[in-house]
Amino acid sequence: MNVSLKQTPLDAPGVDSPDRRKPITGKPVAERFEYDNLIVRNFGVATIIWGVVGMLVGVLIASQLFSPAMNLGTQYTTFGRIRPLHTNAVIFAFVGNAIFMGVYYSLQRLCKARMFSDLLSKIHFWGWQLIIVAAALTLPLGMTTSKEYAELEWPIDIAITLIWVVFGINMFGTIIKRRERHLYVAIWFYIATFITVAVLHLVNSMEVPVSFLKSYSMYAGVQDALVQWWYGHNAVAFFLTTPFLGLMYYFLPKMANRPVYSYKLSILHFWALIFIYIWAGPHHLLYSSLPDWAQSLGVVFSIMLIAPSWGGMLNGLLTLRGAWDKVREDTILKFMVVGVTAYGMATFEGPMLSLKNVNAIAHFTDWVVSHVHVGALGWNGFLTFAILYWLIPRMYHTPLYSKKLLNIHFWVGTLGIIFYAVPMYISGFAQGMMWKEFTPEGVLKYPNFLETTMQLIPMHMMRAFGGTLYLAGAILMAYNLFKTMAAGTLVANEPAEAPVLAKEYVATGHDTYWHRWFERKPIPLLIGSLVMILIGSLIELIPTFMVASNVPTITTVQPYTALEVQGRDLYIREGCVNCHSQLVRPFRSETERYGEYSKAGEFVYDHPFLWGSKRTGPDLHREGGKYPDSWHYHHMRDPNAMSPNSIMPAYPWLIDQKLDASSTQAKLKALKSVGVPYSDMEIAYAEADMDKQAQAITDRLSKDGIKVDKDREIVALIAYLQRIGTDIKKLETAQK
Amino acid sequence: MFRQFITKIPGADVYMVTSFLTFLVFFVLVGLYLALVDRNHIKHISRLPLDDSND
């Protein structure tokens, strides 16, 4: 790759100064300056590399779901540990870098100004890459908060906050020093993204540290679930959607060489989208222990969400009205069309999935996985590919290395999406129906959960094939783009010229004062966006925290013992929550299969909540006391020994590894600080209590012929597994 | 359904309805603005991505 730093004497990079102003006859004074393409290129290269890495991990975990050998026999590569690596890599590394690439390119041009600070750009770039590396190291090591898409531990959370602020300063600095008076709608989307992601990240990451890489969520049970899915849903909204809508509004008109179909529609759907999106989070928790009113709110707003989402999708597609001949010729536009169409499909399906009757079948199944991937592979992936293919040749002043490879990528990628999504829809629907099916005699047709898993294996194989196709396309793109970079020379500082903004602005035409005032000022836009998202957030979150009746207490529910806390942390470390839910929904099909449905009051000491969002294996909320300790021992050592053909990986290291008991008191103290009522005595004698409970478990194991030291991790895990969901049974016993 | 969730929290009806109304009023105002805004002005802004002579 070549980089040209060649400058004309007037064009030193970075700083604009008045002495470079050049009068142009009859026009306002013009300034020469340069766009920073180097930072755009860097984010672009990071997008390509992390994209391939994230997709590769995706193919690996997909293959683990039909071939347990693909867990590779080490504790660092089991599905539970690297599934979060895949999601974090594609969301924050691939899509995140793509957002920054697109924003840094378009913002400079829409503002007619270089980025505010080259130093902040560099800090942003390298800081973000370090965060990604930290994630790639900590997640396979089992250092996780277990909260989906927010798994990173507290020091990394702080780093994310700092780097996000750097991004914000750089973005607002650029907007403030701009030479274009009006803020194009893409910038509105960037501003909303910045402020909302900041709020989401701060609120959801409230945790109390135990040690350098271990913390507990400050929220428990139902509250934790609500905050998490308020975050999780809006991470989709404000990390995967709004920035990409901004990118669509900039790059699609550029690519098609025509303005957006309706600018008015873009404004209307911007405000509607950011207001409505924030309310829809509870649709992830339908039929859960979340209060009914919150679930209903989530459904209502999810349905309303179709309107602004489709407003954006139609605005994108109609921008190509009269230019469809270009789509036939231009593969980059084909990527955009498939991407925007996938957005339309996913945003129609999302509200449908939030209908309670549909959700009853789809939730916890592959259906949701398919839904997510239509959005991720189609909308985020294809838009990113299109932008990369469009940007790199322009910044390197050279044609794309191979149009043939570009075309192959498009078709391989499209086939990849189809081979991914269709089997997953079939699998999800089949799975949901099998879980619910009763025989005419009134018993479950598939009482053994594993039987339903086995039926899905062919679909999982096809999904892995689809993912491999998609990955192959991305590798082709990487080759094509790196060859393009090698053939050209990066114009690191691209000369540009724009008139200086007059200090006093006199409104002309028929526009209202208020419009011009609002639309020219970034800070009111930021505040307006903040108000829009806070209305929904506060109304959903505050009552669940403030009104005691929302979480009825159950007298028999007690805090976990010291050993159970340690066992629970092992459950979190191994990522069990990625395949097992702990939430029995109030359906006959579930109470028949698992037992009593889950109550909100059962989770009051769960920091964090572990309800899960996918059942690759069965629900575990009534697991406690279901099997003897020896069953769990054998099952963890070799799942096939107890459940033939199980696809669960083996966890033999739990039997060999010694439990780190030194952290016990610190853990109980941390939990006490967030409201778990441990007494000082319980904390002081934690290790002795732990020892006593562990001894009882090893004695029981010994009776079944199993010799294991009481200080091994497996003992703590068994203690926790045997405790899950049992407190409510004491109540039943007492009532009898 | 509506009755169910507004009766379960004391006073919830007030702020939930208020928030709906806030959105409705805001939405109507944005709609009104869009109906009244100068067409040439909108045309100018919508062409901003295309004004970049560097491409």
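Calculation rules
Residues numbered from 1 in each chain as written. Chains lettered and ligands numbered in written order. Predicted model: local features only at pLDDT ≥ 70, side-chain atom pairs only at ≥ 80, totals over all residues. Helix = DSSP H or I, 4+ residues; strand = E, 2+ residues; numbered from the N terminus. Buried ≥ 20, exposed ≤ 12 C-beta atoms within 10 Å, placed from the backbone. Contact = placed C-beta atoms within 7 Å. Expected span 1.5 Å × (residues − 1). Arc of directions from axis to C-beta. UniProt positions renumbered as here; feature names shortened; annotations may be inferred. Axes fitted to C-alpha atoms, helices over the stretch in contact; angles between N-to-C directions. Parallel < 35°, antiparallel > 145°, perpendicular 65-115°, else oblique. Left-handed = near helix turned anticlockwise from the far one by under 90°. Nonpolar A, V, L, I, M, F, W, Y, C, P; charged D, E, K, R; others polar.

Student: Is there a simple way to explain the overall build of chain A in this structure?
Tutor: Secondary structure summary: chain A contains 29 helices and seven strands in total. Projected onto the principal axes, the alpha-carbon positions of chain A cover approximately 95 × 50 × 45 Å. Counting all 736 residues of chain A, 55% fall into the buried class. Within chain A, counting contacts between residues at least 6 apart in sequence, those at least 24 apart form 83% of the total.

Student: Could you clarify how one ought to interpret helix H5 (residues 185–204) of chain A in this entry?
Tutor: Because each turn of an α-helix spans 3.6 residues, side chains separated by three or four positions in sequence point in the same direction. Across its 20 residues, H5(A) extends 28 Å between first and last C-alpha, which sits within 8% of the 28 Å expected from 1.5 Å per residue. For H5(A), the buried fraction is high: 15 of the 20 residues fall into the buried class.

Student: Which parts of the structure should I look at to understand helix H10 (residues 306–318) of chain A?
Tutor: Residues and elements named next belong to chain A. Between its first and last C-alpha, H10 extends 17 Å over 13 residues, near the 18 Å set by a 1.5 Å rise per residue. Taken as a whole, H10 has its buried residues at Pro308, Ser309, Gly312, Met313, Asn315 and Gly316. For H10, the buried positions fall inside an angular range of 160° around the axis, keeping them on one side. Tucked into the core, H10 has its buried residues touching helix H7 (242–256), helix H8 (263–277) and helix H12 (331–353).

Student: Help me understand the UniProt feature "domain: Cytochrome c" (unreviewed entry) in chain A in this model?
Tutor: Here the UniProt feature "domain: Cytochrome c" (unreviewed entry) sits at residues 562–725 of chain A. As annotated, residues 562–725 of chain A comprises 48% helix and 0% strand, and the C-alpha atoms at either end are separated by 17 Å.

Student: Explain the environment of Asn315(A) to me, please; I cannot follow it from the model alone.
Tutor: Residue and element names in this part refer to chain A. Its place among the elements puts Asn315 in helix H10. Accessibility expressed as a C-beta count within 10 Å gives 24 for Asn315, which makes it buried. In this structure, the C-alpha to C-alpha distance between Asn315 and Leu265, residues 50 residues apart in sequence, is 7.2 Å. Apart from residues no more than four positions distant in its own chain, Asn315 is found in contact with Val260, Tyr261, Ser262, Leu265 and Ser266.

Student: Would you mind showing me how to read the packing of helix H22 (residues 629–637) of chain A against helix H28 (residues 713–723) of chain A here?
Tutor: When two helices pack together, you describe them by how their axes are tilted relative to each other and by the distance separating the axes. Residues and elements named next belong to chain A. Packing of H22 against H28 brings their axes to within 10 Å, and their N-to-C directions diverge by 125°. Comparing their axes, H28 and H22 come out oblique. Along this stretch, H22 crosses H28, giving a crossing that reads as right-handed. Touching Asp629, His632, Tyr633 and Met636 of H22 are Ile714, Leu717, Ile718, Leu721 and Gln722, all from H28. Residue composition of the contact of H22 with H28, by class: six nonpolar, two polar and one charged.

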